[in-house]
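Residues per chain are reported as follows:
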Amino acid sequence: MERRRFLNKLFAVALPGGVLGIVLQRSRARAETSGYDASKHYYGMGIQVDKCIGCGRCVEACKDENNVPREPFFFRTWVERYVIKGNGEVVIQNIDKTISATAEVIGERDFLRSFFVPKLCNQCDNPPCVQVCPVGATFKTEDGIILVDEKRCIGCRYCIQACPYGARYLNPTTQTADKCTFCYHRVVKDLLPACVEVCPTQARIFGDVRSTASPLTRFKRMNKLHVLKPYLNTEPKVAYSELDGEVR
Amino acid sequence: MKIFFSRIPDSLVRLCIVFAVLIGIILVVRAVLPSSLTDHTLQVQSTVEREAAKPLRHAGSEVCADCHEEYQVKKVGYHRNLSCETCHGPAKEHAENPTVVKPSLPRMREFCVRCHSYNPSRPTGFPQINPAAHNPLKPCVTCHNPHDPKPPTVPQECQGCHAEIARTKALSPHVQLECTTCHNVPEGHKTSPRSVVASIPRERDFCGKCHGKNAEVQETPKIDLLTHGEKYLCWQCHYPHMPEVK
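Quick caveat, the model's predicted, so the values are computed rather than measured. (Residues numbered from 1 in each chain as written. Chains lettered and ligands numbered in written order. Predicted model: local features only at pLDDT ≥ 70, side-chain atom pairs only at ≥ 80, totals over all residues.)

Description of the overall build of chain B
A tally of regular secondary structure across chain B gives twelve helices and zero strands. By the compact-globule yardstick of 18 Å for 246 residues, chain B is too spread out, its C-alpha radius of gyration being 37 Å. Across its three principal axes, chain B shows a C-alpha extent of roughly 125 × 65 × 30 Å. Expressed as a percentage of its 246 residues, the buried residues of chain B come to 13%. Considering only contacts in chain B between residues 6 or more positions apart, those separated by 24 or more positions represent 43%. (Helix = DSSP H or I, 4+ residues; strand = E, 2+ residues; numbered from the N terminus. Rg over C-alpha atoms; globule rule 2.2 N^0.38 Å. Buried ≥ 20, exposed ≤ 12 C-beta atoms within 10 Å, placed from the backbone. Contact = placed C-beta atoms within 7 Å.)

And the structure:
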C-alpha cells in the first residue's frame, strides 16, 4: 500500500510539472526571437579576386571585431598570395599585417602571374564540420550560417580536421573551435560584416542569396563564378569570380 | 515449456528482471520528460542569441556622416568607396562617446604603403608607388589629402607614376627612346590618368618604321613584316620595355 501511494504521488507531481515545463520553454522561445526574422534571410558572399590588393585590412578588422587572437596563425579570414612561376611551380603565402612579401618581389620577373585570394569560412550548405561534431556543438542556422556553441564544444578539433578549407582554428583562450560567423552579431542588425565594411576595393560583396535586387545578386549575374573545391559537394555559399585554376 | 522455464537458473531470471526494470525506467523517463529538454533547438537558439548579442566594434560608415563633414569631401574623391573605418580603425566606441574615445589617425608612411606600395600581385591599374624611391621618409599626408587623394602637382616625367616600366626600360635596347615616341599622351592624362589614357601602338607598321626590312634606321634588328609573326601585333610577343625584348 505504501509503495502504491508513493507512485501515485510521484506521477501526480511529474506529469503536470512536465507539461508546465514544455509550455514555459515554448513561450520563452517565442518571446526572444522578436525583431529579426532569420527565416527571411539566407546569407552568402561574393569575392572578386581581381579586385583584391592584398592589403590585409579585412584580416585586421575581423580580428578587431571578433576578438580573434593576434598571433599570425589564428584567422577567421585571411588572404593568400599566389605566385605561379614560369616552370609551373605555385607558391602560396599567407599575407599578414606587414606584407613583408612586398619587398622581396619588387623587380622579380620570374613568374607568369600572381594574385591575392581572400579566404574565409564558406558557410557550406552541406557542411562537413557539422557532420563530424560528436556533441552537436556546431550547426547551421536558419539563415544559413554555421555557428559554434562554445558552451557545448569540447575542443576535440575534429571539425578543424574535417573542414576542407582550413577555415577553423582552436581558440587558445576558450579552448573551443572558432570560425567565421559572417559577423552574425552585425548582420542581424543589418550591418555588413567587418571585412566587407573595411575592404577598400570592394573585393568582397555580402548579401542575401535569395534576394532579387542586391549587390550580391548583381555580382552573381555579371560574373563567371566558381566556388572552392566544388567536387567535395560541400556547396559553399562564398562564390569567387576570376578565380584561377591553381587556387585550392 | 514449463520445464524449459524451470530449467533457467535463478540468477539469470533475476538479472533479466533487473534489465527489464532498467529498460522500463528509461521508457518511462523518455515518455515523461518534456521534449524541450531533449530537443536540440533550444541549444541552437541560445547560441544564436549569444552570437547575435556580441558587442559591435565597427560602427559602419553611415554613422560617421552624421557628424563629420570630411565625409562630403571623400564622397567625390578616389577614396569614395572606402569606409572611414578602413583607415581610422573600429570606431563604435567613438560613435557612442565622441569626446572621450578618439579613433586612430594614421599619419605614418607605412600605413598608406600597405595598399599603395608596388606589388606585382596587385591588380593592374591600382595606384602603386615604390616607397624607397617615392619621396622617401616624407609622410604621405604632406602632399596628398587622404580624403581626396590625387597627385599634388602634375607629374613632370612619366616615371613619376610608371616607375616600374621606366626602370625596366632603362635596361632595354629602347632606353634612348622617349615614352612619347611610341605613346601618344593627351594632356589630360597627367591630371586624370584613368579617364584619359595614353595610346599604345596598334599597328605592325609602327614598329616596322624601325624594324621593317626596308627601314632607314641603322643598327636595329630587321624582319620582313610580310612573313614574320603573321596576324599578331609586335608587342603581343615582344614586350618593348623588357631588357631582352623577348
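Describing the domain arrangement of chain B
By the assigned domains, chain B splits into domain 1 (49-101), domain 2 (106-152) and domain 3 (160-236). Using C-alpha coordinates to define each centre, domain 2 of chain B is positioned 28 Å away from domain 3 of chain B. (Domains from an automatic or database assignment.)

Details of the sheet that holds strand β11 (residues 238-241) of chain A
All names here are of chain A. Taking strand neighbours across the sheet as the criterion, the four strands line up as β9-β1-β11-β10 in an open arrangement whose pairing is mixed. In the strand order of this sheet, the two ends are held by β9 (204-208) and β10 (225-226), each with one partner. Two elements, β10 and β11, share two bridges in a ladder whose sense is antiparallel. For L225, the partnering residue across the bridge sits in β11 and is S241. Packed on one face of the sheet, helix α8 (residues 215-222) meets β1 (43-48), β9, β10 and β11 and runs near 115° to β9. (Pairing = 2+ DSSP bridges. Axes fitted to C-alpha atoms, helices over the stretch in contact; angles between N-to-C directions.)

Looking at the interface of chain A and chain B
By a widely used convention, the size of an interface equals the accessible area lost when the partners come together. Contact residues are listed per partner, giving 43 residues for chain A and 38 residues for chain B. Among the elements of the structure, α1 (2-32), α2 (57-66), α3 (101-105), β4 (111-120), α6 (184-187) and α7 (194-198) of chain A are those that each provide at least two residues to the side of chain A that touches chain B. Looking at which element gives the most residues to the side of chain A that touches chain B, the answer is α1(A), with eight residues. Split by residue class, the side of chain A that touches chain B holds 21 nonpolar, eleven polar and eleven charged. (Nonpolar A, V, L, I, M, F, W, Y, C, P; charged D, E, K, R; others polar.)

Quick notes on the domain arrangement of chain A
With domains assigned, chain A is organised as domain 1 (42-125 + 180-241) and domain 2 (128-178). The straight-line distance from the C-alpha centre of domain 1 of chain A to that of domain 2 of chain A is 20 Å.

Side note on helix α9 (residues 109-116) of chain B
Turning to α9(B), its buried residues are B:C112, B:C115 and B:H116. Taken around the axis of α9(B), the buried residues stretch over an arc of 85°, which confines them to a single face. (Arc of directions from axis to C-beta.)

Notes on the sheet that holds strand β3 (residues 90-95) of chain A
Residue and element names in this part refer to chain A. The antiparallel open sheet is built from three strands, whose spatial order is β3-β2-β4. Each edge of the sheet is formed by a strand with only one pairing partner; in this case those strands are β3 and β4. Put simply, the sheet's adjacent strands are angled 20° from each other on average, direction ignored. Each of β2 (77-85) and β4 touches α2; the most contacted strand, β2, lies at about 160° to it.

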